[in-house]
Amino acid sequence: MKVAIVGAGLTGSLLACFLARRGLTVTLYERRPDPRVAQVERGRSINLAISERGLNALRKIGLVDEVMADALPMKGRMIHPVTGALDFQAYSASGDRAINSISRGALNNALLTAAVAADGVSVEFEHRLVELDSAVGRMVFATPAGKVSVEADVVLGADGAGSAVREQLLAEGIVAENVDFLDYGYKELSIPAVDGEFALDPGALHIWPRGTSMMIALPNPDKSFTCTLFWPAGSFDALTSASGIEDHFRINYPDLLPLAPNLVDDYLNNPVGVLGTVHTLPWQAHGRTALLGDAAHAIVPFYGQGANCAFEDVVELDRCLDDTGGSWARALPLFEARRRENTEAIAEMALANFVEMRDKVASPVFRLQKQIEHTLERLLPGTYVSRYELVSFSTTPYAEVQHRVHRQHQLLGAAAVAAAGVLFAVTRSRARR
Ligand SMILES: Cc1cc2nc3c(=O)[nH]c(=O)nc-3n(C[C@H](O)[C@H](O)[C@H](O)COP(=O)(O)OP(=O)(O)OC[C@H]3O[C@@H](n4cnc5c(N)ncnc54)[C@H](O)[C@@H]3O)c2cc1C
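The rules behind these values
- Residues numbered from 1 in each chain as written.
- Predicted model: local features only at pLDDT ≥ 70, side-chain atom pairs only at ≥ 80, totals over all residues.
- Heavy atoms only, no water.
- UniProt positions renumbered as here; feature names shortened; annotations may be inferred.
- Axes fitted to C-alpha atoms, helices over the stretch in contact; angles between N-to-C directions.
- Helix = DSSP H or I, 4+ residues; strand = E, 2+ residues; numbered from the N terminus.
- Parallel < 35°, antiparallel > 145°, perpendicular 65-115°, else oblique.
- Contact = heavy atoms within 4.5 Å.
- Nonpolar A, V, L, I, M, F, W, Y, C, P; charged D, E, K, R; others polar.
- Domains from an automatic or database assignment.
- Near = heavy atom within 4 Å.
- Polar contact = N/O pair within 3.5 Å; in protein donor to acceptor, adjacent residues only side chain to side chain.
- Areas by Shrake-Rupley, 256 points an atom, 1.4 Å probe, with all protein chains shown as cover.

Where an unreviewed UniProt entry is consulted, the protein appears under the name Kynurenine 3-monooxygenase, with the organism given as Kribbella jiaozuonensis. As its UniProt record puts it under Catalytic activity (unreviewed entry), the protein is described as follows: "L-kynurenine + NADPH + O2 + H(+) = 3-hydroxy-L-kynurenine + NADP(+) + H2O". In its Sequence similarities (unreviewed entry) section, UniProt records this for the protein: "Belongs to the aromatic-ring hydroxylase family. KMO subfamily."

Here you go:
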């Protein structure tokens, strides 16, 4: 049984580790050179937040301690208003649960190294998939030495949001796709260490909510921070001169300016990335070709769940292979049936979280709501659990999270109405007396 995985990013490399444990012969095909020796692309999502779902997958292949050794736990959000004091908002009722800022490159390298160290796994770099016949598993790759044709019993597309495998399945008329581009782009900036120390609190994810736009910053192991601007598409082009950029940041992000000596260079030279949600139907063809991770269902990054969700895909596919006695023909449709509603749920929650991060977190009403929510979690442990807690600190299926949170809100609404009724009755009877 020969399995080909297209894409040796986070999903593909993790998948290879899982499949190697089944004794399969796995080849990873990656369009880029070996990232362990190549230069990182400028301004392309340097770090990411890994939480329980991602850690659960890493635990299963014995890699969690290695990855967590360099992780920086973030226990809450630090809100930076335009004027006034910073405001820390804990992620959990106990205040000690954290999501982890991890270097994307280091995580990918750790997974790749673990994959190629496993029996039966090999990797071909600088192999870009350009053709696929999904019915027979024949692939053509463009390489520096010319085109190469290979065949595999199973082809798994883990080649990201712009997936070539998905594109080929689309051209074969097997899948339909819908990409909802967000009308926002992202650009990375940097805050270097100051005298060898973090310039901001490294125990928080920093947010500069600005209504229709925002900036976030996550800490890195070298004591720098990577900031990401999420601005309406096109608005990046409005700032073209050093003085224009500095003036804009002085007015809108005043505390960033003294911390970001490379602001103008970063702003002018780092690319603007696109954001969107990918919907694909179906994810598999002929019981032998399938899509996983971003290739099947890329989401916007505002819940910090894209990679976590992709890692959960790998765990679920592995479970489906267990449940079908290793039959790919049955495991792939089962994987899609079990996973689809969950990926759709996190796609919705990720979009909703954008509004929360860029706008609501700054409001006193939101702060009060969070305080009430945490109080309820402490008073009713296990009965009332916040959405953030369920998404980030549990492996409760995403669709179940949505249903449960909806039920909790309904109950709370009913309780609030009942409490108001009692209050009204008491006040009226007192007034009569
Ligand atoms: C700004 C930003 C911030 C994010 N923050 C978070 C976060 O905090 N937490 C989180 O969980 N997720 C986050 N994500 C989402 C996360 O990055 C993705 O969900 C994750 O990278 C998906 O992994 P993947 O392996 O499926 O795809 P990718 O990481 O895109 O990897 C795909 C791989 O396939 C290769 N490839 C592509 N085409 C071909 C081809 N034709 N032939 C061969 N190889 C090919 C690529 O070179 C790449 O190595 C963020 C995303 C963005 C954009």
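Read on for the rest.
### Side note on the packing of helix H10 (residues 328–358) against helix H13 (residues 398–432)
Relative to each other, H10 and H13 sit at 60°, their axes nearing to 6 Å. Comparing the axis directions of H10 and H13 gives the class oblique. In this structure, H10 contributes Arg339, Glu341, Asn342, Ala345, Ile346, Glu348 and Met349 to the contact, and H13 contributes Tyr398, Ala399, Glu400, Val401 and Gln402. Residues of the contact of H10 with H13, tallied by class, amount to six nonpolar, two polar and four charged.

### Section: the domain arrangement of the protein
Its domain assignment divides the protein into domain 1 (2–73 + 102–180 + 276–355), domain 2 (181–273) and domain 3 (363–432). The centre of domain 2, based on its C-alpha atoms, is set 35 Å off from the matching centre of domain 3.

### A word on the site of the ligand
By nearness alone, 29 residues border the ligand, and Thr11, Glu30, Ala49, Arg104 and Asp294 come closest of all. Contacts to the ligand include alanine 49, whose backbone N or O atom sits 2.7 Å from an oxygen atom. In this structure, arginine 104 approaches the ligand through a side-chain N or O atom, which is 2.5 Å from an oxygen atom. Expressed as a share of its isolated accessible area of 1,000 Å², the protein-covered part of the ligand is 87%. Looking at the shell around the ligand, the elements with two or more residues in it are helix H1 (10–20), strand E3 (47–50), strand E9 (128–133) and helix H9 (306–323). Sort the elements by how many residues they give to the shell around the ligand and H9 lands first, with three residues. Tallied by class, the residues present in the shell around the ligand amount to eleven nonpolar, eleven polar and seven charged.

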